[in-house]
Amino acid sequence: MRYAYKTDPGKVRDHNEDNVIIVENETGEILMAVADGMGGHLCGEVASSIAITHIAESFKKISSIGTKEDAESWIQMAVSEINAKIYKYTEEHPESLGMGTTFVCAILTNDFLLYGNIGDSSGFAIKGDKIQKITNDHTLVSLLVKSGDLTEEAAEHHPKKNILLKALGATTTVDMDIFDVETDIDGIFLCSDGVTNMLERDQILKVLKEDIDIEEKMNKLIDKCNNRGGTDNVSVAYLEKGVE
């Protein structure tokens, strides 16, 4: 097993509001997470940093996440704590009102694999020559597609594509979507929408399947996004199973 992660401001933004991490606890269980911050000058960076720092520190403190049910409860608790921290920050710093962050994570143990998300950062599973999106975007356009009022093709270029319906720090309470996935996959890939807005899934998969070092794969994905304009911050996290 090997993994790597990277974040980049892109070619247009003057600072990076994304944060990303991959950590292991004492028993070798793995947490991956990406947060894409938003709101005001530097405030998005604060929100995503709160999210990633808290989840990573909390995960490293526990020797084992326990059962699948324990892990689901832990994720919801950790996310609630993050939400409260961000909300409190905005109360103490009025200039940061409207600050928030998307959040996507994955927890891998010997027995189970869970994904969780709030917002429009994405979690994918790779198996063989296929890449499958596991998470659901919490956006206005995604809701319109589900209701049948908008086609997926029209959604790709909709002017309100990035309007979020959920984000950490936006309200006093938050509920994260959690997905239970079979562990017999080849890889776990998480990213911010700076990637999915620039690259098609087959383009992402092509890079992930290349016979190159995993860090080089992350660099290549970021370069591809930037070569297509780099209009947003770009964050990627990838774990390959069964690789020494």
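Above this note sits the structure.
The notes below deal with the structure included here. Within each chain, residues carry numbers counting from 1 in the order of the written sequence. With pLDDT at 70 or above as the cut-off, local features in this predicted model cover only qualifying residues; side-chain atom pairs require 80 or more to be listed or tallied, and sums for whole chains, interfaces and linings still use all residues. Side-chain calculation: all heavy atoms of the structure are included, whereas hydrogens and water are not.

## Let's talk about the sheet that holds strand β1 (residues 2-8)
By the convention used here, strands pair only if DSSP detects at least 2 bridges between them. Think of it this way: any DSSP run of H or I at least four residues long counts as a helix, any run of E at least two long counts as a strand, and we number them from the N terminus. In spatial order, the strands read β1-β10-β9-β6-β7; together these five strands make up an open sheet with antiparallel pairing. Among the strands making up the open sheet, the edge pair consists of β1 and β7 (130-133). Going across the sheet, the axis of each strand differs from the next one's by a mean of 15°, ignoring polarity. Relative to strand β9 (residues 187-191), strand β6 (residues 122-127) is paired through five bridges, and the arrangement is antiparallel. In the sheet register, S122 faces β9, and the bridge partner there is C191. Contacts are residue-level and defined by heavy atoms, with any inter-residue pair within 4.5 Å sufficient. Only the stretch in contact is used when fitting a helix axis, every axis being a line fitted to C-alpha atoms; angles between N-to-C directions are given from 0 to 180 degrees. Against the sheet, helix α7 (residues 214-227) contacts β1, β9 and β10 (234-240), and its axis sits at roughly 30° relative to β1.

## What about the environment of N117?
Tracing the backbone shows N117 in strand β5 (residues 113-118). Each C-alpha atom, one on N117 and one on E95, is 27 Å from the other, the two residues being 22 residues apart in sequence. In this view, N117 contacts F103, V104, T135, N136, H138, M176, D177 and F179; residues no more than four positions away in its chain are not counted. N or O atoms within 3.5 Å of each other form a polar contact, as long as, within protein, one can give a hydrogen and the other can take it, and as long as residues adjacent in sequence are counted only when both atoms are side-chain atoms. Reaching out from N117, the side chain makes a polar contact with the backbone oxygen of N136 at a distance of 2.9 Å.

## Side note on the packing of aromatic side chains
Between 30 and 60 degrees the pair is tilted, below 30 it is stacked and above 60 it is edge-to-face, where a pair is any two Phe, Tyr or Trp rings, Trp via its six-membered ring, whose centres lie within 6.5 Å. What the rule picks out here adds up to three aromatic pairs. Taking 6.2 Å as the distance between ring centres and 35° as the angle between the ring planes, the aromatic pair formed by F124 and F189 counts as tilted. Of this pair, F124 sits in strand β6 while F189 sits in strand β9, and the two are 65 residues apart along the sequence. By the burial criterion, F124 is buried, and F189 matches it. Here the aromatic rings of F189 and Y238 are separated by 6.3 Å at their centres, their planes lie at 70°, and the arrangement is edge-to-face. Of this pair, F189 sits in strand β9 while Y238 sits in strand β10, placing them 49 residues apart in sequence. Buried means the residue's accessible area, taken with a 1.4 Å probe over protein chains only, is under 20% of the maximum for its type, while exposed means over 50%, and partly exposed covers the values in between.

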